[in-house]
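Listed below are the residues making up each chain.
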Amino acid sequence: MQLPVNFEELISKAKALELYSKLIKQANKDFLLANIDLDFDEEILPSSLKYLLHDVVFKLIQEKFAEYLNLLYIVDVSEEKIKKLDGSDTLKLSEEVTFLILQREWQKVWYRNSYS
């Protein structure tokens, strides 16, 4: 599996394979498991998804770091990928982490769809 390298590619692959709603369901499931009060509507626009998720990740990093780490654990974002990010700019960091979260959620949905 070739992982998408940016948000636009991820969304276009999800829509092309008709897995966008499953991506949203998986994100909702993992946020619920991480005890983060966020529930996306399955019809949410990709731009809104990106914006809202980025906002939540930014606030978690700034205000609730333990919950942020728990979310990364629940979603199963690679620790190596997180360590490679530059943490000097929190806004940029949260944007990159948002993509890593969506990328991992996409991976879960794609594998489940391909091998079930």
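See the structure shown above.
Each chain carries its own residue numbering, running from 1 in the written order of its sequence. Only residues with pLDDT of at least 70 are given local features in this predicted model, and only at 80 or more are side-chain atom pairs given and counted; all residues enter the totals for whole chains, interfaces and linings. Where side-chain values are given, they derive from all heavy atoms of the structure, hydrogens and water being excluded.

Trainee: Tell me about the overall build of the chain, and name the residues and values.
Mentor: For the purposes of this entry, the term helix denotes a DSSP run of H or I that reaches at least four residues, the term strand denotes a run of E that reaches at least two, and both are numbered from the N terminus. Summing up its helical and strand segments, the chain has 6 helices and 0 strands in all. From first element to last, N terminus to C terminus, the chain shows the α and β order α-α-α-α-α-α. At 13 Å, the chain has a C-alpha radius of gyration in line with the 13 Å of a compact globule built from 116 residues. Its C-alpha atoms give the chain principal-axis dimensions of about 35 × 30 × 25 Å. All accessible areas in this document rest on Shrake-Rupley with a 1.4 Å probe, and a residue is counted as covered only by the protein chains that are shown. With the model as given, the accessible surface of the chain reaches about 7100 Å², and the carbon-plus-sulfur share is 51%. In this charge count, Lys and Arg are treated as positive and Asp and Glu as negative; neither His nor the chain ends contribute. The atom standing in for a charge is NZ when the residue is Lys, CZ when it is Arg, CG when it is Asp and CD when it is Glu. Computed over 15 positive and 20 negative side-chain charges, the separation of the two mean positions in the chain equals 5 Å. Computation of the radius of gyration draws on C-alpha atoms alone. For the globule rule, the value is 2.2 Å times the number of residues to the power 0.38.

Trainee: Any chance you could break down the nonpolar core for me, citing the residues and the numbers?
Mentor: To form a nonpolar core, buried Ala, Val, Leu, Ile, Met, Phe, Trp, Tyr and Cys residues must be joined to one another through side-chain atoms within 4.5 Å. The classification of residues rests on relative accessible area computed with a 1.4 Å probe and restricted to protein chains. Under 20% of the type maximum is buried, over 50% is exposed, and intermediate values are partly exposed. Membership of the largest hydrophobic core comes to 35 residues, with the highest contact counts inside it found for Y20, I36, L53, Y68, L71, V97 and I101. Among the elements of the structure, α1 (7-16), α2 (20-33), α3 (46-63), α4 (65-75) and α6 (90-114) are those that each provide at least two residues to this core. Top element by residues in this core is α6. It accounts for 9 residues. For L71, the residues in contact, after removing those within four places along its chain, are F31, A34, I36, L60 and I101. Contacts are assigned to residue pairs that have any heavy atoms within 4.5 Å of one another.

Trainee: Explain the packing of α3 against α4 residue by residue, including any values.
Mentor: Where helices are involved, their axes are fitted lines through C-alpha atoms of the stretch in contact, as for all axes, and angles between N-to-C directions lie from 0 to 180°. Contact pair α3 / α4: the axes reach a minimum separation of 6 Å and the direction vectors enclose 130°. Of the possible angle classes, the one that applies to α3 and α4 is oblique. Where α3 approaches α4, its residues V57, L60, I61 and E63 are matched on the opposing element by F65, E67, Y68 and L71. Here the residues of the contact of α3 with α4 sort into 6 nonpolar, no polar and 2 charged. Convention used here: angles under 35 degrees read as roughly parallel, angles over 145 as roughly antiparallel, angles from 65 to 115 as roughly perpendicular, and any remaining angle as oblique. Note on residue categories: nonpolar means Ala, Val, Leu, Ile, Met, Phe, Trp, Tyr, Cys or Pro, charged means Asp, Glu, Lys or Arg, and polar means any other residue, Gly included.

Trainee: Would you mind going over a positive patch on the surface in detail, with residue names and values included?
Mentor: Like-charged residues are merged into a patch within 9 Å and nonpolar side chains (Val, Leu, Ile, Met, Phe, Trp, Tyr) within 5 Å, provided each residue has over 30% relative accessible area and no salt bridge. Salt bridge, as used here: a side-chain nitrogen of Lys or Arg that lies within 4 Å of a carboxyl oxygen of Asp or Glu. Where like charges cluster on the molecular surface, the positive patch consists of K22, K25, K29 and R112. In terms of residues, the positive patch owes the most to one element, α2, which gives 3 residues. Note that K25 resides in helix α2.

Trainee: So, the packing of aromatic side chains: which residues are in play, and what are the values?
Mentor: Only centres within 6.5 Å qualify two rings of Phe, Tyr or Trp (six-membered ring in Trp) as a pair; their planes then separate them into stacked at under 30 degrees, edge-to-face at over 60, and tilted for everything else. A full pass over the atoms with the stated rule returns 5 aromatic pairs. An angle of 75° between the planes, with centres 5.2 Å apart, marks the rings of W110 and Y111 as edge-to-face. The interplanar angle of 80° and the centroid separation of 6.3 Å between the aromatic rings of W110 and Y115 together place this pair among those described as edge-to-face. Taken together, the ring pairs in this structure connect W110, Y111 and Y115 into an aromatic cluster. Any Lys NZ or Arg CZ that is within 6 Å of a ring centre and within 35 degrees of that ring's normal is treated as a charge sitting over the ring. The ring centre of Y20 lies 5.3 Å from the NZ or CZ of K15, which sits over that ring.

Trainee: Any chance you could break down a nonpolar patch on the surface for me, citing the residues and the numbers?
Mentor: Where nonpolar side chains cluster on the molecular surface, the patch consists of M1, Y111 and Y115 and spans about 350 Å² of accessible area. With respect to the helices and strands, the residue Y111 is situated in helix α6.

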